[in-house]
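# Coordinate analysis (summary)
As a plain string of letters, each chain reads:
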Amino acid sequence: MKIICLLFLFSITAKGQEKLGVFDEYLREVELGRITKNNSIQYMKGVESKVFVGISELFDDLQISMDGVEYISPKDKVSEFSKKWTKHFKENDIESLLKKLSVDPKLALEKPYIAKTLKANRKFCQVLREKYYIFDRSHSAPKSLEKVVKPFGKLNDAIVSGNPKLIEEYSKKVLKEYQNLDLKKIIKKFNYIDKNEFNFFFKQIKKDVKIMLSKSTHSIHDFHWIRKQHKKFLVIYFNLDGVSIDGKFNQLDDYITKLGDLNDVYVDMKMRLGADLDAHQILIDDTIKTNMNKTIKYLEADMKTVQFGPSCSSYFRLK
């Protein structure tokens, strides 16, 4: 009984001492009034150090190869995700929600479920956009889709930073652009790549990241760009099956989240404090750069093992 009690107390203590994520810790410091426009750059340097420590812990798990051969049907996955987005949009009545925020933006600050719902819905259209970046021969998304995704992200940022004026502005933009979007039409015009083009695409990403990391210093925008390249690999892992793949997906998702913390803090500082970090340069240790390049090599090698199956083949293993 004593052992059980000790284990229980240890569990409670561990939970109480659980560390906040970089962005959550930043929000706590903001609430306590410890971060201002004047000390924002100094605070960012501390954030960078924590981000690099965080991603260092993930390199060993990311630098392993995916077992076996996996199959994917790009056409199935694009169609499937566009339908999921439409379904979520309708079931959660996002259009009505956006109309309400256009009139009363403070609702988003008073009711936490609104931020959660909008963030979830934006994730659908964001991943759909990533599928265009990967699977369409142009490697670009239709302008009508971009016009929804970009202000949607800014709307979610505005809610986090508690800015009613921007919530109203971006609610109206998202609503307008969604109403102008003909999802069935743009999906029908999708021009799918083949496997050779798929391999070349990820090989080029590996090269581009290496070139970016060769710079002596990096802007916030550089760092955000590096994160965006990793998200393309994440989309593929997300659409594959298997325990080993799930592990790789989770590790890469954690890695990307940690990289994103830096951008999230920057965006919030800009919206909430009016801070200007455009001229701020990030110093990345050579060891971190080496490991980032090594990680990209493993991710790109995994992509070579992915094979394209015919429509509907993504739901079962091909022999």
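From a predicted model like this one, the values you see are computed outputs, not experimental measurements. (Residues numbered from 1 in each chain as written. Predicted model: local features only at pLDDT ≥ 70, side-chain atom pairs only at ≥ 80, totals over all residues. Heavy atoms only, no water.)

### Topic: the overall build of the protein
A tally of helices and strands in the protein yields 15 helices and two strands. Rg of the C-alpha trace for the protein: 21 Å, near the compact-globule value of 20 Å for 319 residues, within the 12% margin. Along the first, second and third principal axes, the C-alpha set of the protein runs to 60 × 55 × 50 Å. Looking at the protein as a whole, 47% of its 319 residues qualify as buried. Long-range contacts, defined as pairs at least 24 residues apart, comprise 82% of the intrachain contacts of the protein with a sequence gap of at least 6. On the protein, roughly 17300 Å² of surface is accessible, and the fraction owed to carbon and sulfur atoms is 54%. Here the protein contributes 57 positively and 43 negatively charged side chains, and the mean placements of these two sets differ by 4 Å. (Helix = DSSP H or I, 4+ residues; strand = E, 2+ residues; numbered from the N terminus. Rg over C-alpha atoms; globule rule 2.2 N^0.38 Å. Buried < 20%, exposed > 50% of the residue type's maximum accessible area, 1.4 Å probe, protein only. Contact = heavy atoms within 4.5 Å. Areas by Shrake-Rupley, 256 points an atom, 1.4 Å probe, with all protein chains shown as cover. Lys, Arg positive; Asp, Glu negative; His and termini not counted. Charge placed at Lys NZ, Arg CZ, Asp CG, Glu CD.)

### Re the packing of aromatic side chains
In the structure shown here, the tally under the stated rule is 17 aromatic pairs. Ring geometry for Tyr26 versus Tyr43: centroids 6.0 Å apart, planes at 50°, classification tilted. Of this pair, Tyr26 sits in helix α2 (residues 22–31) while Tyr43 sits in helix α3 (residues 40–56), and the two are 17 residues apart along the sequence. The residues Tyr26 and Tyr43 share a single accessibility class, namely buried. The structure contains a cluster of three or more aromatic residues connected by ring pairs, namely Phe135, Phe198, Phe201, Phe202, Phe233 and Phe308. (Phe/Tyr/Trp six-rings, centres within 6.5 Å; stacked < 30°, edge-to-face > 60°.)

### Remarks on helix α12 (residues 195–213)
With 19 residues, α12 extends 27 Å between its outermost C-alpha atoms, agreeing within 8% with the 27 Å of an ideal straight helix rising 1.5 Å per residue. Along α12, the residues that are buried comprise Lys195, Phe198, Phe201, Phe202, Ile205, Val209, Met212 and Leu213. Down the axis of α12, the buried side of the element spans an arc of 120°, and every buried residue falls inside it. The outward face of α12, more than 90 degrees from its buried face, is lined by the exposed residues Asn196, Phe200, Lys210 and Ile211. The inward-facing, buried residues of α12 contact α8 (112–135), α13 (220–238), α15 (286–305) and β2 (306–308). The N-capping residue of α12, defined by a side-chain oxygen 3.2 Å from the backbone nitrogen of Asn196, is Asp194. (Expected span 1.5 Å × (residues − 1). Arc of directions from axis to C-beta. Polar contact = N/O pair within 3.5 Å; in protein donor to acceptor, adjacent residues only side chain to side chain.)

### Concerning the side chain of Ser82
In this fold, Ser82 is placed in helix α5 (residues 74–91). Excluding residues that lie within four positions of it along the chain, Ser82 makes contacts with Leu128, Leu183 and Ile187.

### Overview of the packing of helix α6 (residues 94–103) against helix α10 (residues 164–180)
Two numbers describe how α6 lies on α10: the axes approach to 8 Å, and their chain directions differ by 145°. Along this stretch, α6 crosses α10, giving a crossing that reads as left-handed. Residue-level inspection shows Glu95, Leu98, Lys99, Leu101 and Ser102 of α6 in contact with α10, the latter providing Ile167, Glu168, Ser171, Lys172, Val174, Leu175 and Gln179. (Axes fitted to C-alpha atoms, helices over the stretch in contact; angles between N-to-C directions. Left-handed = near helix turned anticlockwise from the far one by under 90°.)

### Examining the environment of Ala141
Summarising the element assignment, Ala141 is placed in the loop between α8 and α9 (143–160). Distance from Ala141 to Leu128, taken between C-alpha atoms, is 8.9 Å for residues 13 residues apart in sequence. For Ala141, the contacting residues outside a window of four places in its chain are Arg129, Tyr132, Tyr133 and Glu146.

### Quick notes on the nonpolar core
Grouped together as the largest cluster of nonpolar side chains are 95 residues, with contacts concentrated most on Trp85 and Leu118. In terms of residue count, the dominant contributor to this core is helix α14 (residues 243–273) (twelve residues). Look past the residues within four positions of Trp85 in its chain and what remains in contact with it is Asn121, Phe124, Cys125, Leu128, Leu145, Val148, Tyr178, Leu181 and Leu183. (Core = buried A, V, L, I, M, F, W, Y, C linked by side-chain atoms within 4.5 Å.)

### Some remarks on the side chain of Arg129
Structurally, the position occupied by Arg129 is in helix α8. Polar side-chain contacts of Arg129 include one of 3.1 Å to the side chain of Glu146. Sequence-distant contacts of Arg129, defined by excluding residues within four places in its chain, comprise Arg122, Ala141, Leu145, Glu146, Val149 and Lys150.

### Overview of the environment of Pro112
Along the chain, Pro112 falls in helix α8. Classification of Pro112 as exposed rests on a relative accessible area of 67%. When the C-alpha atoms of Pro112 and Leu299 are compared, they prove to be 36 Å apart, with 187 residues separating the residues in sequence.

### A closer look at the pattern of salt bridges
Scanning all chains against the criterion turns up 15 salt bridges. Close ionic contact of Arg28 with Glu29 constitutes a salt bridge, the shortest N to O distance being 3.4 Å. Residue class for Arg28 comes out partly exposed when judged on its relative accessible area of 39%. Among the ionic contacts, a cluster of salt bridges with common partners joins Arg28, Glu29 and Arg34. (Salt bridge = Lys/Arg side-chain N within 4 Å of Asp/Glu carboxyl O.)

### So, the confidence of the model for the protein
For the protein, per-residue confidence averages 89 on the pLDDT scale, and 91% of positions sit at 70 or higher. Contacts of residues 313–319 to residues separated by more than four positions or lying in other chains number 16 contacts, the stretch itself having pLDDT below 50. (pLDDT = per-residue confidence, 0-100.)

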